[in-house]
Amino acid sequence: MAMWVSSTVNSLRISTIMLGFSNLAVVIVGGVLLFLVFPGCELNRITIPVAMVSLAAAFKIFAMFKSGIAQKATALSVIDSPLDSSAIDSINRLQRRMRYKTWLWWSRFALVITLLQILTAIYLVFNVAKYISHDGTSSECQPGTASNGNKWKTKLLISFVIAVCTIPLIHIFVGPAVLRWRSFYQTQDDVWKAHYQEVFDHGIREALCCLGRVKYMRVSKEDEVYSVARLLGDLVAYRASGTGHLELLAGLALLQRHSKSPKSHDGLVEAPREMIQEAFAFHEFAEAAYTGPLLDFGRHTVFFPCAWLYRQGILTPWTRNRRPSLSGDNWWRGHAAAFLKYSNLPPEALRCGRVCQEKCEAAYFVVVLRHLRSVVISVRGTETPEDLITDGLGRECLLSREDLDGLINSSHICSDVKRSVESSFPHYGHSGIVEAARDLYMQLEGNLANNESEGSSGFLSSLLGAGCECDGYSLRIVGHSLGGAIAALLGLRLYRQYPALHVYAYGPLPCVDLVIAEACSEFVTSIVHNNEFSARLSVGSVLRLRAAAIVALAQDSKTDTALIFRLARQFLCVSKNQRGKIEASDPSELHSAASTVDELDHKVWKESDRTNSGGDTDDDNIENPFYDNTSVINSLDDPVSQFLETVPRSENGSAGERAEMFLPGLVIHMVPQQRNISMPLWKGWRFQERVRNYKAYLANRDVFKDIVVSPNMFFDHLPWRCHNAMKKVLESQNDEGMLDVSQIM
């Protein structure tokens, strides 16, 4: 019993001990005020609020006690079943989830009590102010002494009020945890990963439930949400080293502050004008696919509801029957109206589409453009929670031969490219995007392998087939962000059937391996606007960004070197265990899960402690663990150097650990010619620089393997900014004697 009490006390957070005793002091002082200081006061302006805050403090102590018990049970269940790789663990996994939910609800009950404490504290302040305004006396309270004798009572009451107002605010800032998770998990990487899997899994499901997707809360098996949560758990496994989230954010801020000036583009070739013309002409359809309020929210901010309702045609319901019927559209066919209004097309141009989709399904629109003799498939980007789930399924999966049918079996692909694709199997793609592209293909063409024997055809074949309505038309597949990546994967499958096909992906996600990305350059074009994050977002780039944060922290002379060693030690463990796991697993089951952390050599800790204690070390090495010295870099005592050797680097591909994802096809980079003004990352949302001129270059896809931390990395991803950039490229070329932009439409 004594050992159990001792271990529980050692697991308590310092803030928990302080707040526990503070609440206990509130209860005691409140009792003193009620029964000793004002014994003759009954139901007056002092007695009731003091009793309320004292009772709330007592409930808070009870809630903290129950929350601590539930938290310990949760931690022990996570330790008992850190891995979820077999069906044998399903019972333990369910038990872990139930215990986590129990702790979560007790924590929320404690939060409700905290809010109650704030309300009762406000009530107490108002009543104490009235009491003091009467010189500490009341007609109902008869202290029976002079005013000087009441000064100590007033001081005690004011101190009580200050404590009552301060304690709940501190509770909010320190968080709901009563015990230290680290006292249970220590440096076990798999345990930390399992813990954060539960945190993200439950958090995502609750967010989806609040958005009307109640079905996700009822799922107990492993689904797409669980896969996303597992990936996010892998990315925050650095918590095993004692590193906090704020420390990592500080490293990212330093990375942005110390970033180098933009690289020169003098050696790059400018993109052909014809490419920019056609990409510009079809961009509006990719942008029009955002038929929800997201597009209008970005463009109109305050008045976006009015703009969205206008674009949805809700003000003209009598035109409903003239609009095409789309799968999942509302009663007044507003999404069809929004697409047609934004793209300025007649209703008969929109042939089919889907708006409301499930997980790993894409919203799309198919239009026929008579004046351009083209059929356009516009795939919507990220707009709904289901789209976010598709984005989050970033683990690589195998691409089948059917997925690459346009490369392997097309007669329009040169033999060298075919041999390259055939000889380098297996190939990999972004699992969520691959699944969405497969579903979209089934929507447009169905299973042609079965249909050919029956003489039937899919929807596209009924439009573009020999002797059909659009015979001889070209096929264009366009999309922005997630939609662009799905469009590229769809094009890989359709190119054999429709050789007059071209894909324009605007700000797509990296979604295929290097061989496939280069092989489809003939019919896929990716347009990247400046520093937009989406074109650089992959699991590998996030891992390298963590490593870059370490470098930024190490280069800062004010950074605690021990923190650098702890970060490097953790990442080193994760990288080594990931590599060992993947080498021992089947190639079709590649994943980024980290295995159990073994204790490293004590030399790592000795080096860290020696550096912190000011031992006999080189001063230059203390300030910068990446000091250019061969003996230091190769030292076994330097976890930073060991870590940097195991992190997947841009120059050596996947480093043998995972399939690196790349932008598909030919990559065109839209670069502003006016240099950005340097400013902190958190102030970037206020800054919208007016760029007078843009240049479009044929870029190397390797340039986009790493995330660029800049103030405009998110704003550059807005679809209309890419549209304006292409327009300015064409205008600048017009100033040099080219044709007018209006001639391309």
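Bear in mind that the values here come from a model prediction, so they are computed numbers and not experimental data.

## Things to note about unusual backbone geometry
Cis geometry is adopted by the peptide bond preceding P426, which originates at F425 and carries an omega value of 0 degrees. Despite not being glycine, R333 has its phi angle at roughly 55 degrees, a positive value. By the element assignment, R333 lies in the loop between α12 (304-311) and α13 (334-343). One non-glycine residue, N530, adopts positive backbone phi at about 50 degrees. Summarising the element assignment, N530 is placed in the loop between β9 (524-529) and α22 (539-555). What makes N530 buried here is its relative accessible area of 7%.

## Some details on the pairing of strand β4 (residues 374-379)
Among the 6 residues in β4, 6 count as buried, and that is most of the element. Burial of β4 is two-sided: the residues S374, V376 and S378 facing one way and the residues V375, I377 and V379 facing the other way are all buried. Here strand β3 (residues 364-369) pairs with β4 via 6 bridges, running antiparallel. Across the sheet, the residue bridging to V367 is V376, located in β4. Here β3 hands over to β4 after 4 residues, with R373 in that stretch at a positive phi of 50 degrees. The pairing of β4 with strand β7 (residues 474-480) spans 6 bridges and is parallel.

## Focus on the pattern of salt bridges
Applying the stated rule across the entire model yields 20 salt bridges. Residues R205 and D201 are paired through a salt bridge, measuring 3.0 Å at the closest nitrogen-oxygen approach. Pair noted here: R205 and D201 are both in helix α7 (residues 189-210), with a separation of 4 residues, about one helical turn. With a relative accessible area of 4%, R205 lands in the buried category. Linking E383 and R380 is a salt bridge whose minimum nitrogen-to-oxygen distance equals 3.3 Å. Judged on exposure class, the residue E383 and its partner R380 are both buried. Residues joined by salt bridges that share partners form a network here, namely D403, E435, R438 and R493.

## Considering the packing of aromatic side chains
Tallied over the entire structure, the rule returns 13 aromatic pairs. On the numbers, 6.0 Å between centres and 75 degrees between planes, the contact of F62 with W106 is edge-to-face. Of this pair, F62 sits in helix α3 (residues 47-80) while W106 sits in helix α4 (residues 90-133), and the two are 44 residues apart along the sequence. On the basis of an interplanar angle of 10 degrees and a centroid distance of 6.5 Å, the ring pair of F282 and Y504 is categorised as stacked. Of this pair, F282 sits in helix α10 (residues 273-288) while Y504 sits in strand β8 (residues 501-506), and the two are 222 residues apart along the sequence. Here Y504 falls in the buried class, since its relative accessible area comes to 2%. Cation over ring: K341 sits above Y310, and NZ or CZ is 4.8 Å from the ring centre. The ring centre of F425 lies 4.5 Å from the NZ or CZ of R401, which sits over that ring.

## Quick word on the confidence of the model for the protein
Predicted confidence across the protein gives a mean pLDDT of 76, with 70% of residues reaching 70 or more. Predicted confidence in the protein is weakest over helix α25 (residues 619-623), with a mean pLDDT of 32, and strongest over β8, with 96. Across residues 574-640, confidence stays below pLDDT 50; counting only partners more than four residues off in sequence or on other chains, it has 104 contacts. Low pLDDT (under 50) marks residues 738-745, which in the prediction has 15 contacts with non-local residues, meaning those over four places away or in another chain.

## A few points about a nonpolar patch on the surface
Together, L111, L115, L169, I172 and F173 make up a nonpolar patch on the protein surface, roughly 530 Å² of accessible area in all. Secondary-structure elements contributing two or more residues to the nonpolar patch are α4 and α5 (151-174). At 3 residues, α5 tops the list of elements feeding residues into the nonpolar patch. Tracing the backbone through its elements, the reader meets L169 in helix α5. Under the relative-accessibility criterion, L169 is labelled partly exposed at 43%.

Conventions and cut-offs
Residues numbered from 1 in each chain as written. Predicted model: local features only at pLDDT ≥ 70, side-chain atom pairs only at ≥ 80, totals over all residues. Heavy atoms only, no water. Helix = DSSP H or I, 4+ residues; strand = E, 2+ residues; numbered from the N terminus. Buried < 20%, exposed > 50% of the residue type's maximum accessible area, 1.4 Å probe, protein only. Pairing = 2+ DSSP bridges. Salt bridge = Lys/Arg side-chain N within 4 Å of Asp/Glu carboxyl O. Phe/Tyr/Trp six-rings, centres within 6.5 Å; stacked < 30°, edge-to-face > 60°. Lys NZ or Arg CZ within 6 Å of the ring centre and 35° of its normal. pLDDT = per-residue confidence, 0-100. Contact = heavy atoms within 4.5 Å. Patch = residues over 30% accessible without salt bridge, like charges linked within 9 Å, V, L, I, M, F, W, Y side chains within 5 Å. Areas by Shrake-Rupley, 256 points an atom, 1.4 Å probe, with all protein chains shown as cover.

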